[in-house]
Structures are given as structure tokens and as C-alpha cells.
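# Inside the fold
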Amino acid sequence: MTADVTLVLGGARSGKSRYAEGLVTAPGGPRVYIATSQVWDAEMAERVAKHRDDRGPDWTTVEEPRDLTGSLRRHAAEGTGVLVDCLTLWLTNLMMAEADIAAETAALVELLPALPGRVVLVSNEVGLGIVPDNALARRFRDHAGRLHQSIAAVAPRVVLTVAGLPMFVKGTPA
Amino acid sequence: MTADVTLVLGGARSGKSRYAEGLVTAPGGPRVYIATSQVWDAEMAERVAKHRDDRGPDWTTVEEPRDLTGSLRRHAAEGTGVLVDCLTLWLTNLMMAEADIAAETAALVELLPALPGRVVLVSNEVGLGIVPDNALARRFRDHAGRLHQSIAAVAPRVVLTVAGLPMFVKGTPA
Amino acid sequence: MTADVTLVLGGARSGKSRYAEGLVTAPGGPRVYIATSQVWDAEMAERVAKHRDDRGPDWTTVEEPRDLTGSLRRHAAEGTGVLVDCLTLWLTNLMMAEADIAAETAALVELLPALPGRVVLVSNEVGLGIVPDNALARRFRDHAGRLHQSIAAVAPRVVLTVAGLPMFVKGTPA
């Protein structure tokens, strides 16, 4: 049996979160939203609040900036939809904490195929611009790219959202 | 009846304008080019002149940096092809003028499905790089992303150009 | 007869080199890796070494930072696979040397359809972020975009890699 895992990649304001929410909603049943964001400033606080309002009251929201693998293990279940929003913020948190990103990534990628229920992972595609000036940003996009490749290799579905619309990079609509 | 509207997204030098011109040319008849650019410096002046030369003399060119909705209402007509190049410059002009972008976007999106003839809108996809350092650039790509989503929801055709070639995100070739 | 040329575009850490290596490996026979990199700092040296290790010992590696057309003419042959990694570094080298980029691009594009064997060209897609602040970066992405368009017009296959997976922009898998 293949796990029901979808990786939703997209640029800024490409509608990836909304599309991902629609995927999780489809099968009905309980829905868990794993928010990886850490609120650093007013701009981010506003975004988080807006996203929560857009989602509506039918979701259980879990805040998990660091232990994503543990959180997925606890919340994924048959008949449940879990949405992780988003991997890039999780990665940012790991970098800030100077965590072992290769190890964290490996643990996540190993877990994913074993998870029950439907799991949708949202992440920002950040690698299609000019090489950033600063080394930290370059390291970040290297980590993000490697993470996306590793997950895409085990996920049966990979979607790139453009202007709110899905382009299927791997697999077909569920 | 569905309006004949195409959104052509693409990166810098991805051939989006040329592809869009080909779309407008296809049905024959009069062609109107709505240029939203405001010339700020020599680099931009050169680009504008080059684009005009590339297009050739068979186009009526209209310069409309701000009132895009009004210009579309005036120029769209049965048997006519209208090309808007580009939405990102229009958005830049609105931001510089501190216009109400949500209202302007809503008016455009409301108008589009009612327009006669063929309408092709070109815009830069700018959201697939690293988060920009400055807040203005972040606001710009937020506005651009939302605009693209809103238009893509009502346009029957959405194309992403890559290396001069079209990838159909929505719909099929006209 | 159409030449067996593939352009593999992709963002940073999108798996473009690995995908391209797989394309070259497919038909068996000798394989030549044309490396265009010039090592400027420790970060780049590390990347070059890692790529070489990943590729394994079955490749002949040729370093050619400037004369890509000459190198392709020398190494492309029936039954041979040639991988150029990557065009964006070649372009960087040309810009640093203040070479005539239009002429170099034209010579490459003219040569490609005449090459025997399988040729795979890897390049970074860099045009999908915010307009860079500095003029040099803007010129670079203009050159890169034009180069990609020119090659895509003559190559029977163009691929955009996303998260290590190929999206076919032109043609079908070989």
C-alpha cells in the first residue's frame, strides 16, 4: 500500500495553502492543521491570523515549529487529513536552532511512506530566482531544494501551484 | 459564452510577450497593444523601443499606465485582439500612486469575463525566488500573486512560458 | 534527422544535474562531462568535488569554462553522450571576460542541430524571482533567458526539473 502523501510546492501567493486545504478537505473526516510558523513580527502575525480565518472553524490547529516528525506521528490516522503548512518555515526554524537538518530530513522522509490517512505538505519553491547575495539565503535554498527532492521521491503526488492552479509534477489528482 | 481571455505568465526573458503577440495575431483583424510601462530610465526606454520594433507596424499601440480597466473597455471589440503588456508594470504604477489595489484588481477581474474579442494579458511571475529583503518587494510580489490568482480563476486559459515555450496551466491552445 | 539534444532547466537544488546525468547514461557507451565551472571560492570547490563524486568514475570529465562550442565539436560523436553542466556558469564566464555573448550564443545555437550522439545541456532557470537590485544581475538573467529561448527553439526536448522530477516543456521522454 502506498501512503496518501502530496507535496504542494508553489511560489509566494501562488495559492498553495488554499489548494492544499482543498485536498485535505476532500475525503471528509477530521482535519488537522500543523502550523510550523513562529511569529517573529507583526507582518507574520497578520498572515497567520488571516490564514486561520480563511480556513474556518472545522480544523484542529496544532503549532509545531520544530518536531514535525513527532507531530505527524501523533496526528496522522486512518480517515484523517493532516496538512503541514509549511516545510519552508520548519526548515527556517531548524536552521535558527542549528539543528542537524540532514538527520531531520531523513527522519521525515523515512516516516512519510508509513503514515496512515491523507497527508499534505506545503512548501515554498524558492530556487528559481537569481543566486542570492548572502550565504545564509543560499544555504536555505540548498536545504529547501534537497528537502523537496527527498520528499518528492517518496510522495505519490507532487503539485506545483501557479496562479492558484495545480500543475501535476508527479501523479494525478486524488 | 465564455470570454476569450488568456493570462500569460513567465519569468524575465521567458518569451512571454512574443508568445502573447502570437496568440493575438492568430485570429487576424485589428490588434491593439496596451502598454502599461512608464519609462523611468534609459534601460527601460531601450526595452520599450525594442519591443515596439519587434512587434512591427501592424499594431495600434495605446499607452495606459493606470486606467487599465477603462482602456480594455474602450478597445476590446468583436474580431479585435487586445494585448496587455504587462500587468506587473501596471501593478507597479498603482503602488507608486498609492492606489487602492484590491479595488482596482476587483474591477479588472469583474470586467474580464464580459469583454468581447480576444484579450491576452501578460505578467511576470516573480514569486519563485528567495523572500526579498525589503518590505516593498515583498508587498509587490504579494499583490502580483493575488492578482494572478484572481485573473486565473476567471480566464479560460493560463499559460506559463519557459524558455519561450508555453506550458498550459489551464485550458488548451486556442 | 534531428539531433538528440535536450535542454534541462531547473532552479537551485532542483535535481537538474542528476536528471541530466540519467539521460546521458541511458543509451550506454562513452560519456563526456563538460564542466564549465571556474572555481572562485571554497563553497564552489566543494560543490564541484561533490558533483564529481556523485557522478562516479565512468565519466570523462573535461573542463571548459569558455570555448563550449569548440569543446562540443571535439567531443560529440555517434554513440557518445555529452553532458554540459552548466550553461549559466559558461554565461558567467563569458560576462566576466567581456565576450560577445550574442555571437557566442549564435555559434552554439547554430552548432547544436548538427551534433552527432546525445547532447544534454543543463542550465539554471533564474528569471522567476523579484527583479534584482543590481544591474549586473539583471543583465545576467536577460542573457540567460535569451540563451534558453534560442536553444529551446532548436532542441527537440526541453525539461524543467522541479523537486528532482522532470516536467516536459517540449518533446517527450527519450
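The name an unreviewed UniProt entry assigns to chain A is Bifunctional adenosylcobalamin biosynthesis protein, from the organism Azospirillum palustre. Its UniProt record, at the heading Function (unreviewed entry), says of chain A: "Catalyzes ATP-dependent phosphorylation of adenosylcobinamide and addition of GMP to adenosylcobinamide phosphate." One UniProt comment on chain A, placed under Sequence similarities (unreviewed entry), says "Belongs to the CobU/CobP family."

## Some words on the sheet that holds strand β6 (residues 157-162) of chain C
Adjacent strands of a sheet form backbone hydrogen bonds with each other and so pair up, either parallel or antiparallel. Residue and element names in this part refer to chain C. Reading across from one edge, β3-β2-β4-β5-β1-β6-β7 is the order of the 7 strands in this open sheet, with mixed pairing throughout. Of all the strands in the sheet, just β3 (60-63) and β7 (165-170) have a single pairing partner and so form its edges. In this sheet, neighbouring strand axes are inclined to one another by 20 degrees on average, regardless of whether the strands run parallel or antiparallel. Relative to strand β5 (residues 118-124), strand β1 (residues 4-10) runs parallel, the two sharing 7 bridges.

## Focus on the environment of B:Glu21
All names here are of chain B. Take Glu21: it is sitting in helix α1 (residues 16-25). According to the relative accessible area criterion, Glu21 is buried, its value standing at 14%. As a C-alpha pair, Glu21 and Arg66 span 45 residues in sequence and 21 Å in three-dimensional space.

## A look at the sheet that holds strand β6 (residues 157-162) of chain B
All names here are of chain B. The strand order across the open sheet formed by 7 strands is β3-β2-β4-β5-β1-β6-β7, and the pairing between neighbours is mixed. Sheet topology places β3 (60-63) and β7 (165-170) at the edges, where each strand pairs with a single neighbour. Across the sheet, the mean angle from the axis of one strand to that of its neighbour is 20 degrees, orientation sign disregarded. The sheet contacts of helix α4 (residues 87-96) involve β1 (4-10), β4 (81-85) and β5 (118-124), and relative to β5 the element is tilted by about 70 degrees.

What counts, and where the lines are drawn
- Residues numbered from 1 in each chain as written.
- Chains lettered and ligands numbered in written order.
- Predicted model: local features only at pLDDT ≥ 70, side-chain atom pairs only at ≥ 80, totals over all residues.
- Heavy atoms only, no water.
- UniProt positions renumbered as here; feature names shortened; annotations may be inferred.
- Pairing = 2+ DSSP bridges.
- Helix = DSSP H or I, 4+ residues; strand = E, 2+ residues; numbered from the N terminus.
- Axes fitted to C-alpha atoms, helices over the stretch in contact; angles between N-to-C directions.
- Buried < 20%, exposed > 50% of the residue type's maximum accessible area, 1.4 Å probe, protein only.
- Contact = heavy atoms within 4.5 Å.

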